[in-house]
Amino acid sequence: MSGFGDTPPDLDRPGFGTARPTPATMPISMHVNGRRHDAEVEPRTLLSDFLRHELGLTGTKVGCEHGVCGARTVQLDGEPVRACLTFAVQADQAQIKTIEGLEDGPLQASFHHHHALQCGFCTAGFLMTLDAFLKEHPDPTETQLTDALAGNLCRCTGYAPIIEAVKRR
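To keep things clear, this report deals only with the structure shown in the data block. (Residues numbered from 1 in each chain as written. Predicted model: local features only at pLDDT ≥ 70, side-chain atom pairs only at ≥ 80, totals over all residues. Heavy atoms only, no water.)

The interhelical angle for the contact between helix α2 (residues 106–113) and helix α5 (residues 160–167), taken along N-to-C directions, is 135°, at an axis separation of 8 Å. Of the possible angle classes, the one that applies to α2 and α5 is oblique. Note on packing geometry: the crossing formed by α2 with α5 is right-handed. Taking contact as the criterion, the partners of Leu-107, Ser-110 and Phe-111 in α2 are, on α5, Ile-162, Ala-165 and Val-166. Partitioning the contact of α2 with α5 into residue classes produces 5 nonpolar, 1 polar and no charged. (Axes fitted to C-alpha atoms, helices over the stretch in contact; angles between N-to-C directions. Helix = DSSP H or I, 4+ residues; strand = E, 2+ residues; numbered from the N terminus. Parallel < 35°, antiparallel > 145°, perpendicular 65-115°, else oblique. Left-handed = near helix turned anticlockwise from the far one by under 90°. Contact = heavy atoms within 4.5 Å. Nonpolar A, V, L, I, M, F, W, Y, C, P; charged D, E, K, R; others polar.)

This is the structure we're talking about:
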């Protein structure tokens, strides 16, 4: 025989083929839209599921389930993140802002005025992304804006009205 794989592994050896036990639930605490929330979650619970099912914040939409559409964008400590790619336990002790916590302002009014939304499905993700981006880039170039929005998909209006809404806010 070749010597590779000739000897079967010792399946009776302690620890072989066994995973370390994972706790059934873990305690978390976070501030969501300014309110503290303490909970017990399974380690595999996605932040988006926690926000939607445990806190009733359904503005964070369920989109592609891969993180590419941007519909589940929230802010974690001021930075946009995909809530569908973030575990709730990763947000322990964090500040979370969802679309429900975003104050009405000139950006939302401009979205409405310039028809930068149609079905509304992607709108929350765009607004959460833009809210964080515009704090650091209050007067972005069109290229900067296009780059910032690259992680958000819109299948109804396209990007021209969205860019126009941001430029004219």
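The next thing to look at is the nonpolar core. Among the nonpolar cores identified, the biggest contains 18 residues, and Phe-111, Leu-130 and Ile-162 are the most heavily contacted of them. Those elements giving two or more residues to this core turn out to be α2, α3 (123–136) and α5. The leading source of residues in this core is α3, at 6 residues. Contact partners of Phe-111, with chain neighbours within four places excluded, come to Ala-116, Leu-117, Thr-123, Phe-126, Leu-127, Leu-130, Ile-162, Ala-165 and Val-166. Among the nonpolar cores identified, the runner-up in size contains 15 residues, and Leu-51, Val-74, Leu-76 and Ala-83 belong to it. (Core = buried A, V, L, I, M, F, W, Y, C linked by side-chain atoms within 4.5 Å. Buried < 20%, exposed > 50% of the residue type's maximum accessible area, 1.4 Å probe, protein only.)

We now examine the pairing of strand β4 (residues 79–82). Pairing between strand β3 (residues 73–76) and β4: 4 bridges, direction antiparallel. Residue pairing in the sheet places Val-74 in a bridge with Val-81 of β4. Linkage of β3 to β4, two consecutive antiparallel strands, is achieved through a turn of 2 residues, within which Asp-77 is found at a positive phi near 50°. (Pairing = 2+ DSSP bridges.)

On to the state of the cysteines, then. A full pass over the atoms with the stated rule returns 0 disulfides. In this structure Cys-84 is a free cysteine whose sulfur lies 5.8 Å from that of Cys-64, the closest cysteine sulfur available. Classification of Cys-84 by relative accessible area gives buried; the value is 9%. Lacking any disulfide linkage, Cys-122 is separated from the closest cysteine sulfur, that of Cys-154, by 3.8 Å. (Disulfide = S-S within 2.5 Å.)

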